[in-house]
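# Fold and contact review
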Protein chains: 8
Amino acid sequence: MSGSKDLGYARVDLERESRQGLPEIVYGPGKQVNEIAGIVTTLLDRNTGPVLATRVEPGAAADVLASVPGGRYDQAARLLVWRAAEPIGHTVAVVTAGTADGPVAAEAAAVAAALGLTTTLIRDVGVAGLHRVLAATADLRAADSVIVIAGMEGALASVVGGLVETPVIAVPTSTGYGAALEGVTALLAMLTSCAAGITVVNIDSGFGAALAAYRLTRGPR
Amino acid sequence: MSGSKDLGYARVDLERESRQGLPEIVYGPGKQVNEIAGIVTTLLDRNTGPVLATRVEPGAAADVLASVPGGRYDQAARLLVWRAAEPIGHTVAVVTAGTADGPVAAEAAAVAAALGLTTTLIRDVGVAGLHRVLAATADLRAADSVIVIAGMEGALASVVGGLVETPVIAVPTSTGYGAALEGVTALLAMLTSCAAGITVVNIDSGFGAALAAYRLTRGPR
Amino acid sequence: MSGSKDLGYARVDLERESRQGLPEIVYGPGKQVNEIAGIVTTLLDRNTGPVLATRVEPGAAADVLASVPGGRYDQAARLLVWRAAEPIGHTVAVVTAGTADGPVAAEAAAVAAALGLTTTLIRDVGVAGLHRVLAATADLRAADSVIVIAGMEGALASVVGGLVETPVIAVPTSTGYGAALEGVTALLAMLTSCAAGITVVNIDSGFGAALAAYRLTRGPR
Amino acid sequence: MSGSKDLGYARVDLERESRQGLPEIVYGPGKQVNEIAGIVTTLLDRNTGPVLATRVEPGAAADVLASVPGGRYDQAARLLVWRAAEPIGHTVAVVTAGTADGPVAAEAAAVAAALGLTTTLIRDVGVAGLHRVLAATADLRAADSVIVIAGMEGALASVVGGLVETPVIAVPTSTGYGAALEGVTALLAMLTSCAAGITVVNIDSGFGAALAAYRLTRGPR
Amino acid sequence: MSGSKDLGYARVDLERESRQGLPEIVYGPGKQVNEIAGIVTTLLDRNTGPVLATRVEPGAAADVLASVPGGRYDQAARLLVWRAAEPIGHTVAVVTAGTADGPVAAEAAAVAAALGLTTTLIRDVGVAGLHRVLAATADLRAADSVIVIAGMEGALASVVGGLVETPVIAVPTSTGYGAALEGVTALLAMLTSCAAGITVVNIDSGFGAALAAYRLTRGPR
Amino acid sequence: MSGSKDLGYARVDLERESRQGLPEIVYGPGKQVNEIAGIVTTLLDRNTGPVLATRVEPGAAADVLASVPGGRYDQAARLLVWRAAEPIGHTVAVVTAGTADGPVAAEAAAVAAALGLTTTLIRDVGVAGLHRVLAATADLRAADSVIVIAGMEGALASVVGGLVETPVIAVPTSTGYGAALEGVTALLAMLTSCAAGITVVNIDSGFGAALAAYRLTRGPR
Amino acid sequence: MSGSKDLGYARVDLERESRQGLPEIVYGPGKQVNEIAGIVTTLLDRNTGPVLATRVEPGAAADVLASVPGGRYDQAARLLVWRAAEPIGHTVAVVTAGTADGPVAAEAAAVAAALGLTTTLIRDVGVAGLHRVLAATADLRAADSVIVIAGMEGALASVVGGLVETPVIAVPTSTGYGAALEGVTALLAMLTSCAAGITVVNIDSGFGAALAAYRLTRGPR
Amino acid sequence: MSGSKDLGYARVDLERESRQGLPEIVYGPGKQVNEIAGIVTTLLDRNTGPVLATRVEPGAAADVLASVPGGRYDQAARLLVWRAAEPIGHTVAVVTAGTADGPVAAEAAAVAAALGLTTTLIRDVGVAGLHRVLAATADLRAADSVIVIAGMEGALASVVGGLVETPVIAVPTSTGYGAALEGVTALLAMLTSCAAGITVVNIDSGFGAALAAYRLTRGPR
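From a predicted model like this one, the values you see are computed outputs, not experimental measurements.

If you walk through the whole model with that rule in mind, you get 56 salt bridges over all chains. In this structure, the salt-bridge partner of A:Arg11 is A:Asp6, at a minimum N-O distance of 3.8 Å. In this structure, E:Arg19 and E:Asp13 form a salt bridge, with 3.1 Å as the shortest nitrogen-oxygen distance. With respect to class, E:Arg19 is no different from E:Asp13; both count as buried. Salt bridges linked by common partners bring A:Asp13, A:Arg16 and A:Arg19 together as one network.

Take a look at the structure:
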């Protein structure tokens with residue numbers, strides 16, 4: 001099958017870089033160390049851009065790094081990176097509502113950075129103490145785009161959406177309990193935000209938000 | 001059955017006033033004009049306080065008023081009132097996120113007023129234009145309690161909850177479409193608000209919020 | 001309240017243009033003709049940019065236009081526009097899966113055009129006949145961004161997301177019946193797309209997608 | 001950022017006490033011992049009122065107490081308290097339907113007490129044996145407010161709501177199995193209670209109920 | 001096909017009476033007048049017991065009665081009956097929470113009566129005024145079984161279940177709005193009742209409850 | 001775009017017949033008479049096989065037939081057919097649980113017949129009177145495949161699935177009320193059938209079942 | 001509080017036996033061994049009938065039995081019983097669809113037996129092999145009532161409901177995966193059964209079914 | 001009970017082979033090793049065709065094989081097989097969207113093979129890299145039927161459904177997180193596929209798909 005390589009345990013998309021400017025990114029869960037290593041090796045061989053593996057636990061990460069040299073592991077983000085991209089001149093502000101949203105923010109920021117985006121982290125500015133997010137307004141407006149990460153009722157997305165005019169990518173998180181419904185409440189709330197033009201990605205998907213931010217830097221051909 | 005009167009079509013709770021300081025309130029939908037009139041007449045006869053009928057459409061309201069004199073109809077609130085209470089010295093601010101929340105606010109304010117509360121209406125201060133609600137901060141803080149009415153993602157409840165220290169009663173509304181799920185999204189969002197100590201009533205229940213505010217004025221015995 | 005004007009039936013956000021580069025946009029449902037006219041007049045007076053009212057039915061639209069001259073009505077989009085913006089050099093491709101997605105596409109395209117975006121409409125290229133969307137690949141790649149509009153299982157978003165590298169904004173529609181659950185199925189499917197970096201707006205929200213595309217053209221300050 | 005202190009792992013809201021009469025309360029889950037200790041220390045330094053950390057497990061609690069002296073741990077409530085408030089003259093009755101609702105009641109009562117409320121615990125009076133709650137009527141009516149805690153079908157909230165005229169804050173719990181849906185059934189039931197003016201907080205949120213009761217003691221400014 | 005008769009538009013179960021002591025009962029919705037008449041005629045011819053058609057609107061009922069003589073129509077119950085059974089010595093108490101539950105109670109009572117049960121109607125004794133249901137305790141205990149009909153939070157089922165020791169059949173109704181979810185909340189609440197041994201039938205199914213009560217009178221063979 | 005024809009209001013898939021042995025089928029809802037006529041005309045011109053339009057109401061159907069001669073309308077099935085296929089030697093039994101499932105069965109049978117399948121209709125054999133479906137066993141086993149159509153609890157699918165060894169396609173219908181949840185209950189029940197190897201299509205999709213049966217007659221190439 | 005005894009950890013309902021013919025039954029989960037022992041001791045002292053504790057794990061059961069002599073433990077049913085009732089002349093058939101429904105059947109049968117019912121167990125007669133349940137018809141009809149226990153699609157309840165004329169109590173179980181939704185599918189299916197007069201209890205509630213069967217033996221007073 | 005054998009822990013359906021061409025298949029979860037062994041032994045004794053036990057973990061599998069000789073265990077599929085069938089001349093293509101769908105594909109392929117189908121595995125051809133599935137078109141079209149296995153948004157089913165004309169059996173998997181809702185999103189998406197005539201089985205049910213494919217090979221009698 002041209003354009004892909006069948007490793008037995010996975011069929012690697014070799015055309016992704018030429019088609020979308022970025023090699024395929026490896027999703028770690030459910031894959032063995034040798035499978036991650038094999039896919040990464042193939043991607044490094046057949047592409048020139050950054051190669052990433054997401055949601056890899058520390059133990060597995062160490063084993064993969066031992067097998068495929070040249071990589072780096074970000075534990076907070078659970079991210080493996082080889083050949084991180086040079087900065088491409090787009091700044092994304094990553095803003096969170098609370099401490100518990102930290103891991104998702106770490107993934108979003110680390111993936112974005114590995115793809116060449118410059119990231120600014122604005123942490124723990126939930127709307128219950130509105131002065132915190134208002135104090136961050138200048139920083140938010142200085143960015144080319146904003147990733148808003150919040151669980152529970154996700155109201156931060158609406159507030160930020162009303163403060164900036166640039167693209168806002170909202171990430172609902174599974175933070176909270178009871179009626180938070182594992183992130184579904186924040187997801188629904190962000191989709192129905194009264195701040196026009198906000199877009200939303202899947203629950204806890206720091207990865208998805210980073211990729212959406214990366215797309216902002218790509219143009220037509 | 002002592003303590004109640006069986007009218008055939010309804011069993012009127014005659015003890016409610018002595019038990020809870022307020023006669024039973026008539027819920028209009030599904031009742032005929034003569035049934036509303038009959039229950040209201042019984043309540044007026046056997047109690048001394050205000051008598052209300054909620055969610056009554058204009059045509060039916062006119063017929064009931066013709067049959068039971070001394071009442072007044074508030075069309076925006078769809079509320080019939082006899083013997084409205086004197087002001088009892090508690091101010092409740094009724095604040096809405098958008099124009100579409102108006103009918104629920106009208107019901108909340110009219111019921112509250114009929115029970116003796118003083119109401120302040122702060123309209124259309126959704127969080128997409130945050131300066132509007134911030135400009136209303138002093139008014140919000142001047143009230144004894146606040147009823148926040150919002151649909152869509154309901155973020156206004158969290159913002160107001162963070163601005164005042166008095167009781168906040170949140171009313172989700174069925175405003176919005178798609179992922180707003182007929183008010184369920186606002187309901188879930190308000191229940192998981194990051195602003196601590198907010199309480200919530202049923203979707204579109206301006207009535208429930210007004211009664212909750214009324215309870216704030218009642219003490220132990 | 002500075003920065004807004006209280007018309008009694010609505011509090012108009014006068015700062016939105018300076019804050020976000022665009023005057024507030026009027027949401028038609030639930031508003032009377034005179035209310036829409038009043039808000040529009042205020043917005044025209046106090047801003048310099050385009051003024052829009054969405055989801056206005058034909059009869060009401062004619063009455064508003066008679067009252068506020070200089071506007072134009074797009075019936076397919078149910079959109080009223082005054083002072084449409086000049087083209088600002090960003091092309092957005094609006095692509096639909098089926099004929100029934102047409103009204104949402106019309107809203108997306110008309111709003112985008114009124115805000116100065118150039119739109120390309122690629123209609124009826126659902127994945128059951130894959131050659132149709134493949135034949136449109138060049139057109140899709142030539143755009144600065146893509147709005148994908150689909151109901152039922154919403155698979156078109158994943159396919160388009162894999163073909164282009166620019167921003168993809170997915171709009172689930174309420175097209176379909178039974179397990180389509182009024183658009184919820186397409187919404188969930190788009191949020192879990194295997195094509196990385198796709199973002200999603202509310203069900204049937206052509207308006208939200210257009211605003212998200214407009215944000216793509218705005219930069220930091 | 002004025003009004004808050006950024007500890008790296010958290011941005012502490014320093015204005016909450018002046019704004020709402022109470023320092024920020026620390027939510028334990030997902031925070032390390034040193035993080036809880038750091039936030040608590042900051043809050044103690046920069047405020048004068050009670051400082052609380054909720055949902056802290058025994059082991060972590062001991063470590064935090066060792067690091068930040070002067071605190072006290074209530075294991076049943078999983079609550080850490082420093083500088084508990086003096087009684088402020090408001091009695092709240094905490095009433096439960098069954099034994100399994102005990103932990104939520106413990107949290108509600110301990111948080112309320114730490115904030116200066118006087119609490120009365122009325123335990124295990126579910127409506128299947130109605131004489132139990134009826135026997136408690138005088139105690140319920142003697143309180144300034146009532147927190148009703150129940151899982152399964154949550155009927156106790158409606159019964160209590162009909163017995164007292166003071167504020168009733170209902171807490172659904174995740175007690176039960178099958179159709180109890182982890183507390184969602186009790187939540188929905190309490191929101192649709194036939195006893196007017198009941199308000200509801202999130203599932204299992206003894207904390208939220210206590211804060212709502214605390215708000216009852218705060219006035220306008 | 002032995003044991004049934006194919007009328008073209010329906011296959012009538014002729015064995016039901018010998019198998020279950022009762023002829024098949026006709027469900028009206030979706031059937032034409034001539035179809036109802038045809039099925040009823042067949043059932044009358046081939047059985048000896050009562051023949052019923054449920055949920056028939058007044059106009060259609062009149063036409064069916066004109067076509068199949070000997071029947072009687074109960075408009076409140078929307079029920080057509082031919083050859084109503086003689087009393088068989090089982091009393092069922094039909095108890096409702098509110099006025100809006102009346103139509104479901106009417107169906108339950110009329111179907112039960114047509115099958116030979118003696119019915120007692122106890123109306124409008126919702127738990128918000130507990131003295132009403134307590135006053136009815138003797139009547140409830142005097143019955144052989146109880147059908148409890150309630151919407152909203154359905155708490156009456158738990159209270160009644162705790163007062164009597166005989167079979168309790170709970171019918172949730174679609175009364176209420178918002179979080180009542182068209183009767184789903186009452187359904188879930190009744191299924192998780194803290195009163196042991198309550199059983200539940202479908203939302204608004206007065207018919208189902210009556211048939212369940214009828215089964216109580218049938219013995220082994 | 002090769003392989004399709006853009007009519008402005010629709011892009012007709014001209015390759016479907018060569019790719020899948022059958023021209024595209026027109027879904028009526030949301031299309032104007034002239035649009036249906038235009039698409040049908042194009043399909044008739046550019047294909048040789050049967051051309052169908054589904055879910056067309058009688059008035060629109062008459063207008064389309066007047067505009068595109070040679071067609072035939074089946075009102076019970078709401079189906080328009082041109083160039084119905086010759087029988088291809090596959091018999092499908094269409095079996096329903098109740099009278100209310102009739103319209104879905106009519107669509108399934110009429111579409112299947114138009115595509116060349118021979119259909120046997122076995123009506124109204126719900127499992128409450130099990131002898132009816134048992135009496136039909138021989139007919140069910142004589143067919144090459146079976147379409148089972150049932151609403152409410154959909155149990156007929158499991159029973160039929162246990163009686164025959166040929167392909168069983170289950171169609172849940174929106175028949176029923178309350179907990180039937182507009183067909184979702186039957187859908188879920190059929191998907192979890194204890195009879196192995198049953199497959200399921202969308203709620204009320206007689207069309208989908210007929211197409212699935214048609215696929216049974218197609219082989220590899 | 002008269003009629004109950006407050007043990008500190010629980011308030012025991014001492015009137016249940018006189019009110020409902022049966023002492024309160026202890027629900028094991030969430031209670032300590034000493035709490036179960038204390039409640040059981042109180043119930044044995046203050047009543048004369050059978051005392052049961054349900055869902056007690058083997059280890060805890062042994063400890064309770066050591067502390068409160070005279071009891072017996074049924075491990076399959078996870079049930080502790082003291083003073084089991086003499087047979088009272090009512091036979092209940094407990095019928096299951098599959099092997100996995102066994103534990104729920106064990107609880108139903110053991111609780112029923114402890115309360116004096118005679119039980120017949122008919123196991124593993126799911127409708128995929130219909131001859132199994134048909135072969136059991138005589139046994140089913142010989143019982144005074146039937147408890148049907150099934151997971152997945154729960155179709156057995158409808159089939160049994162059509163075979164017997166006595167009371168049928170359906171218990172949905174959490175058997176199955178995916179679309180079985182932890183028993184919700186079986187629950188919904190049983191509630192919408194086409195067999196009239198079936199009643200339903202909570203998911204996996206063998207206990208609830210047994211109590212419902214016990215109520216069948218109780219008469220008016 | 002004729003036609004079945006009661007082993008105490010299970011009632012084995014002995015007529016299934018004569019009725020449906022295949023002995024009953026044993027579902028492993030919840031059964032003890034000796035129970036699986038006992039059922040398998042009975043099935044081997046009383047039938048002549050293949051005997052399978054699904055979802056058996058490695059340890060249990062080894063114990064069963066030791067007890068019932070002649071079997072074979074496929075660990076990836078968690079399947080035990082005795083007397084696998086000879087090839088019967090029907091090829092089914094098993095196609096997956098991603099690596100994580102592998103275990104479900106393994107079960108589908110192993111069960112199908114044990115029943116005599118010839119299987120082709122086409123792995124990891126998700127639609128984000130469309131060229132992969134397009135490159136497999138010839139292989140897909142060469143099969144007699146196709147099983148499509150996908151999680152997340154399940155779009156592969158629609159794409160494959162549009163490429164082949166033979167039967168397509170779609171299996172949603174629980175792959176993904178957040179809005180994937182444990183496979184419910186893929187399930188709903190496949191049920192509403194725009195590719196006509198696709199059928200769907202339960203989430204993660206490779207077994208169900210294989211049995212559905214097997215039914216394709218059976219004819220009328």
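For the rest of this paragraph, the subject is the packing of helix 4 (residues 102-114) of chain E against helix 9 (residues 206-215) of chain E. All names here are of chain E. Following both chains from N to C, one finds helix 4 and helix 9 inclined at 35°, their axes separated by 7 Å at the closest point. Note that helix 4 runs across helix 9; the crossing there is right-handed. Between helix 4 and helix 9, the residues in contact are Val104, Glu107, Ala108, Val111 and Ala112 and Gly206, Phe207, Ala210 and Leu211, respectively. For the contact of helix 4 with helix 9, the per-class residue count stands at seven nonpolar, one polar and one charged.

For the rest of this paragraph, the subject is the relation of the copies chain C and chain A. Note on the identical chains: chain C maps onto chain A by a rotation of 180° and an axial translation of 0.0 Å, with an RMSD of 0.0 Å. Expressed as an axis order, the relation between the two copies is that of a two-fold axis.

The backbone of D:Asp124 shows a phi angle near 70°, a positive value even though the residue is not glycine. By secondary structure assignment, the location of D:Asp124 is in the loop between strand 8 (118-122) and helix 5 (130-135). Positive phi values are uncommon outside glycine, yet F:Arg78 reaches one of about 50°. With respect to the helices, strands and loops of the structure, F:Arg78 is situated in the loop between strand 5 (71-74) and strand 6 (79-82).

Once chain H is rotated about the relating axis by 180° and shifted along it by 0.0 Å, it coincides with chain C to within an RMSD of 0.0 Å. When the interface residues of chain H are mapped onto chain C, 100% of them again fall at the interface, so both copies present the same face.

Attention now goes to the interface of chain C and chain A. In this assembly, 36 residues from chain C lie in contact with 36 residues from chain A. Between chain C and chain A, a total of about 3200 Å² is buried, with carbon and sulfur atoms accounting for 52% of that surface. Considering only the surface of chain C that becomes buried against chain A, C:Glu165, C:Leu191 and C:Arg215 emerge as the three largest contributors, covering 26% of it. Taken together, the connections running from chain C to chain A amount to four salt bridges. One salt bridge connects C:Arg218 with A:Glu165, and the closest N-O pair in it is separated by 2.5 Å. Here chain C and chain A share 21 residue pairs in polar contact (both at pLDDT 80 or more) between them. Of all the secondary-structure elements, those providing two or more residues to the side of chain C that touches chain A are helix 1 (16-20), helix 6 (137-142), helix 7 (155-163), strand 10 (168-172), helix 8 (184-191), strand 11 (199-200) and helix 9 (206-215) of chain C. The element that contributes the greatest number of residues to the side of chain C that touches chain A is helix 9 of chain C, accounting for five residues. Partitioning the side of chain C that touches chain A into residue classes produces 18 nonpolar, 11 polar and seven charged.

Reading guide: rules and limits
Residues numbered from 1 in each chain as written. Chains lettered and ligands numbered in written order. Predicted model: local features only at pLDDT ≥ 70, side-chain atom pairs only at ≥ 80, totals over all residues. Heavy atoms only, no water. Salt bridge = Lys/Arg side-chain N within 4 Å of Asp/Glu carboxyl O. Buried < 20%, exposed > 50% of the residue type's maximum accessible area, 1.4 Å probe, protein only. Axes fitted to C-alpha atoms, helices over the stretch in contact; angles between N-to-C directions. Helix = DSSP H or I, 4+ residues; strand = E, 2+ residues; numbered from the N terminus. Left-handed = near helix turned anticlockwise from the far one by under 90°. Contact = heavy atoms within 4.5 Å. Nonpolar A, V, L, I, M, F, W, Y, C, P; charged D, E, K, R; others polar. Least-squares fit on C-alpha atoms with pLDDT ≥ 70 in both. Buried area = accessible area lost by both parts, 1.4 Å probe. Polar contact = N/O pair within 3.5 Å; in protein donor to acceptor, adjacent residues only side chain to side chain.

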